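Residue strings, one per chain:
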Amino acid sequence: MPRTIDQQIAEAQAKLNRLKTRQKASDTRRKIIVGAIVTTEALKDPKIAKWMAANLRKNATREVDQKEIAGLLAELDAKAGTA
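The name that an unreviewed UniProt entry assigns to the chain is Mobilization protein, with the source organism given as Paracoccus haeundaensis.

What follows is the structure, given as structure tokens:
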């Protein structure tokens, strides 16, 4: 028995939702990988540490985010010699 148009639309919407979920997961993975690499390099290089600390302070404006990165900022400041 052929599917109705409503069934076809529902299937297409379900497929779209699955694809959006996969895309979001891929974007999240990419951010984690890049963040880990940049953080590792910043903890080795004072110039990168200074840049990263400044950008984190500028862009992490929510209090909950600031609390989460406080330890990292302390490490970056120590590496950059600005502590």
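We are not done yet, so read on.
## Here's the deal with helix 3 (residues 63-80)
End to end, helix 3 covers 23 Å across 18 residues, agreeing with the expected 26 Å (1.5 Å per residue, within 8%). A bend of about 50° at I69 is the largest found in helix 3. Among all positions of helix 3, only I69, L73, L76 and D77 are buried. Of the surrounding elements, those touching the buried residues of helix 3 are helix 1 (5-42) and helix 2 (46-59). Positive phi appears at G81, one or two residues downstream of helix 3, with a value of about 75°.

## Some points on the nonpolar core
Among soluble globular proteins, nonpolar side chains are generally buried collectively. The biggest cluster of nonpolar side chains holds eight residues, and these are A42, A49, M52, A53, A60, I69, L73 and L76. Within the residue set of this core, elements represented by two or more residues are helix 2 and helix 3. Those residues in contact with M52, other than ones at most four positions away along the chain, are V38, T39, A42, L72 and L76.

## Comments concerning the pattern of salt bridges
Using the criterion set out here, one finds six salt bridges in the structure. Residue K67 pairs with E63 through a salt bridge whose shortest N-O separation is 3.4 Å. Highlighted residues: K67 and E63, both in helix 3, separated by four residues, approximately one helical turn. Each member of the pair, K67 together with E63, is exposed.

## Points about the packing of helix 2 against helix 3
Interaxial distance between helix 2 and helix 3 falls to 8 Å at its minimum, and their mutual angle equals 145°. As for how helix 2 packs across helix 3, the hand of that crossing is left-handed. In this structure, helix 2 uses P46, A49, K50, M52, A53, L56 and R57 to contact helix 3, whose residues at the interface are I69, L72, L73, L76, D77, K79 and A80. Classifying every residue of the contact of helix 2 with helix 3 gives ten nonpolar, no polar and four charged.

## As for the environment of T40
Relative to the assigned elements, T40 resides in helix 1. Along the primary structure T40 and K50 are separated by ten residues, whereas in three dimensions their C-alpha atoms are 13 Å apart.

Rules of the game
- Residues numbered from 1 in each chain as written.
- Predicted model: local features only at pLDDT ≥ 70, side-chain atom pairs only at ≥ 80, totals over all residues.
- Heavy atoms only, no water.
- Helix = DSSP H or I, 4+ residues; strand = E, 2+ residues; numbered from the N terminus.
- Expected span 1.5 Å × (residues − 1).
- Bend = angle between axes of the 7 residues up to and from the residue.
- Buried < 20%, exposed > 50% of the residue type's maximum accessible area, 1.4 Å probe, protein only.
- Contact = heavy atoms within 4.5 Å.
- Core = buried A, V, L, I, M, F, W, Y, C linked by side-chain atoms within 4.5 Å.
- Salt bridge = Lys/Arg side-chain N within 4 Å of Asp/Glu carboxyl O.
- Axes fitted to C-alpha atoms, helices over the stretch in contact; angles between N-to-C directions.
- Left-handed = near helix turned anticlockwise from the far one by under 90°.
- Nonpolar A, V, L, I, M, F, W, Y, C, P; charged D, E, K, R; others polar.

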